[in-house]
Amino acid sequence: MTVTEDFDFEAAVKAALNEALRERGHVNILIAGRTGVGKSTLINSVFQGSFATTGQGRPVTQNTREIKKEGVPLSIFDTRGLEMADFSETLGALKSFVSERSKSPDSNQHVHVAWICIAEDFRRVEPAEEELVKMLVDRNIPVIVVITKARSDKGFRATILEILPEVTNAVRVRAIQEELDDDIVLPPKGLHELVELTMQVVPEGRKRAFTAAQKVDIELKKTQSHTIVAGSAISAAGTAAVPIPFSDAIAIVPIQIGMLAGISATFGLPVDKSFLSTLVGSVLAGAGGTLAGRSIVSGLLKMIPGAGSVAGGAIAATTAAALTTAIGETYIAVLVMLFVSKDGEPPTSDEVAEAFKSKYLQLASSR
């Protein structure tokens, strides 16, 4: 393909966005438990953006509602009524719902994992919970028991695993810090373990969506993002396997835009065309570049030691790979910094763009 000074930036952004969202996919988690087990608190402690609020959600059965949030690749199916005398009706409706979803040719519609929440102070596994677990396992849905409000085990977890041997595992969780009498403070616990267990059983094609939606484990987001950078660097090197003229080096820019889109999606940012345009445009403007091919590359090449010497000649595979890696790793570092400062919640698009531009210019000026 011949690449000229004319670069269809909008088309490149659109293609990158579509691919990033396709690769990320969507994950569906069914959460069930009796009233008072703390499901909403658990959901908000694990997932980005105050996901569960009172009265939120679209009813999908009489006692199950679907909770979604714009930009988060996650649906929570919140099932209530396990303590009700007519639980058989709840179970029957849920069984039909799960079966219907499993038949869909679109795997984004399937129920991928279930969390059954049992409060530790209840000290009891109800028949309704046993029936629900059996129904889900019979339909090949992995089940994790979440023992909420964990304060004192006294063998309860072992009892649960004995009564419910079909479940994948049981994890004791305290979703938020608790302050007891006599200045006793109980910090959150078990959230990382719950995320790790869920990642193990979520289907391969849903792992990126779950990684994006959760806010507990930033390292998980980093690890998957490093993989995206490595793949993009290989693609960029392949494009320049035969050294390409400097004026045609714009060929690697769509790869880098796609990389930034993929990393953004993995971190759970609200990826859209406006965001990507702002992100890439802020860096180019900061480098004094324009959307013409030669100007983009000349700006980006400032990040690579000695790369300026190629301006009159060609860009080799090693330079293309190094440039792509530098951009990707810089972006990951910026996102980690912002997410940590916000306790795992996503920063705004403007905050991301400004921080990336600042970090980029800092790196470029040190070369």
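Refer to the structure above for everything that follows.
Residues numbered from 1 in each chain as written. Predicted model: local features only at pLDDT ≥ 70, side-chain atom pairs only at ≥ 80, totals over all residues. Heavy atoms only, no water.

K.L.:
Could you give an account of the packing of aromatic side chains, naming the residues involved and the relevant values?
P.N.:
What characterises a pair of aromatic rings is the spacing of the ring centres plus the angle enclosed by the ring planes. Within this structure, the stated rule accounts for five aromatic pairs. Their ring planes at 15° and their centres at 5.8 Å tell us that Phe47 and Trp115 sit as a pair that is stacked. With a gap of 68 residues between them, Phe47 in the loop between helix 2 (39-46) and strand 2 (58-61) and Trp115 in strand 5 (residues 113-119) connect regions that are remote in the sequence. Both residues of the pair, Phe47 and Trp115, count as buried. Ring plane angle 50° and centroid distance 5.0 Å describe the contact between Tyr331 and Phe356, whose orientation is recorded as tilted. With Tyr331 in helix 12 (residues 317-341) and Phe356 in helix 13 (residues 349-365), this residue pair connects regions lying 25 residues apart in the sequence. Phe356 shares its class with Tyr331; the two are buried. A network of ring pairs unites the aromatic residues Phe47, Trp115 and Phe210 as a single cluster. (Phe/Tyr/Trp six-rings, centres within 6.5 Å; stacked < 30°, edge-to-face > 60°. Helix = DSSP H or I, 4+ residues; strand = E, 2+ residues; numbered from the N terminus. Buried < 20%, exposed > 50% of the residue type's maximum accessible area, 1.4 Å probe, protein only.)

K.L.:
So what's going on with helix 4 (residues 127-138)? Residues and values would help.
P.N.:
When the terminal C-alpha atoms of helix 4 are compared, their 16 Å separation across 12 residues agrees well with the 16 Å that a helix rising 1.5 Å per residue should span. Looking at helix 4, one finds that the buried residues are Ala128, Glu129, Leu132, Val133, Met135 and Leu136. Seen from one end, helix 4 has its buried residues packed into an arc of 165°, which puts them on one side. Of the surrounding secondary structure, the elements contacted by the buried residues of helix 4 are strand 1 (27-33), helix 3 (87-102), strand 5 and strand 6 (143-148). Within two residues after helix 4, Asn140 carries a phi angle of roughly 60°, on the positive side. (Expected span 1.5 Å × (residues − 1). Arc of directions from axis to C-beta. Contact = heavy atoms within 4.5 Å.)

K.L.:
Give a detailed account of the pairing of strand 7 (residues 169-172), specifying residues and quantitative values.
P.N.:
Pairing of strand 6 with strand 7, which is carried by four bridges, proceeds in the parallel orientation. Bridge pairing in strand 7 links Ile147 to Arg172. Handedness of the crossover joining strand 6 and strand 7 through helix 5 (residues 156-163): right-handed. (Pairing = 2+ DSSP bridges. Right-handed = clockwise from strand over helix to strand, strands pointing away.)

K.L.:
Talk me through the pairing of strand 3 (residues 64-68); I want residue IDs and the actual numbers.
P.N.:
For strand 3, a buried count of four out of five residues is recorded, marking the element as mostly surrounded by other parts of the structure. Strand direction decides the pairing type here: strand 2 and strand 3, joined by three bridges, are antiparallel. Each residue of the ladder has a partner; that of Pro59, found in strand 3, is Arg65. The turn linking strand 2 back onto strand 3 is made up of two residues. Here strand 3 runs beside strand 4 (residues 74-79); their pairing, made up of five bridges, is antiparallel. Following the sheet pairing, Lys68 is matched in strand 4 by Ser75. Here strand 3 hands over to strand 4 after five residues, with Gly71 in that stretch at a positive phi of 90°.

K.L.:
Please give an account of the nonpolar core that cites residues and values.
P.N.:
Counting 39 residues, the largest nonpolar core has Ile257, Ile263, Leu276, Tyr331, Leu335 and Val352 as its most contacted members. Those elements that place two or more of their residues in this core are helix 1 (9-24), helix 8 (218-239), helix 9 (253-266), helix 10 (273-286), helix 12 and helix 13. Considering each element in turn, this core owes the most residues, 10 residues, to helix 12. Each residue touching Leu335, except ones within four places of it in the same chain, is listed here: Ile263, Phe267, Leu269 and Val352. (Core = buried A, V, L, I, M, F, W, Y, C linked by side-chain atoms within 4.5 Å.)

K.L.:
Describe the environment of Glu166, with residues and values.
P.N.:
Topologically, Glu166 is positioned in the loop between helix 5 and strand 7. Glu166 gets classed as partly exposed once you look at its relative accessible area, which sits at 39%. Distance in space between the C-alpha atoms of Glu166 and Leu136 is 9.8 Å, their sequence separation being 30 residues. Residues contacting Glu166, with those up to four places away along its chain left out, are Val133 and Val137.

K.L.:
I'd like a description of the side chain of Glu66, backed by residues and values.
P.N.:
Within the fold, Glu66 resides in strand 3. A polar atom in the side chain of Glu66 sits 2.9 Å from the side chain of Ser75. Not counting residues within four places of it along the chain, the set of residues in contact with Glu66 comprises Gly57, Arg58, Val60, Ser75, Ile76, Phe77 and Arg101. (Polar contact = N/O pair within 3.5 Å; in protein donor to acceptor, adjacent residues only side chain to side chain.)

K.L.:
For the sheet that holds strand 5, give the residues involved together with the corresponding values.
P.N.:
Here seven strands make up an open sheet; going across it, the order is 2-3-4-1-5-6-7 and the pairing mixed. Edge positions in the sheet fall to strand 2 and strand 7, since each of these pairs with one other strand and no more. Averaged over all neighbouring strand pairs, the angle between strand axes comes to 25°, with direction disregarded. Where helix 6 (residues 191-201) meets the sheet, it contacts strand 5, strand 6 and strand 7, and its direction lies at approximately 170° from that of strand 6. (Axes fitted to C-alpha atoms, helices over the stretch in contact; angles between N-to-C directions.)

K.L.:
Break down helix 2 for me, with residues and values.
P.N.:
Taken together, the buried positions of helix 2 are Lys39, Leu42, Ile43, Ser45 and Val46. The buried residues of helix 2 occupy one face: seen down the axis, they fall within an arc of 165°. Check the buried side of helix 2 and you find it contacts strand 1, strand 4, strand 5, strand 6, helix 6 and helix 7 (207-213).

K.L.:
Explain the pattern of salt bridges to me, and be specific about the residues and the numbers.
P.N.:
Going through the model one piece at a time under the given rule, you end up with 14 salt bridges. Here Arg124 ties to Glu126 by a salt bridge, and the two come within 3.1 Å at their closest N and O atoms. On the accessibility criterion, Glu126 (18% relative accessible area) is buried. Residues joined in a network through salt bridges with shared partners are Arg34, Arg124, Glu126 and Glu129. (Salt bridge = Lys/Arg side-chain N within 4 Å of Asp/Glu carboxyl O.)

K.L.:
Explain the environment of Arg24 residue by residue, including any values.
P.N.:
For Arg24, the position within the fold is in helix 1. Leaving out residues up to four positions away in the same chain, Arg24 has contacts with Gly71, Pro73, Gly205, Arg208, Ala209, Ala212, Ala265, Gly268 and Leu269.

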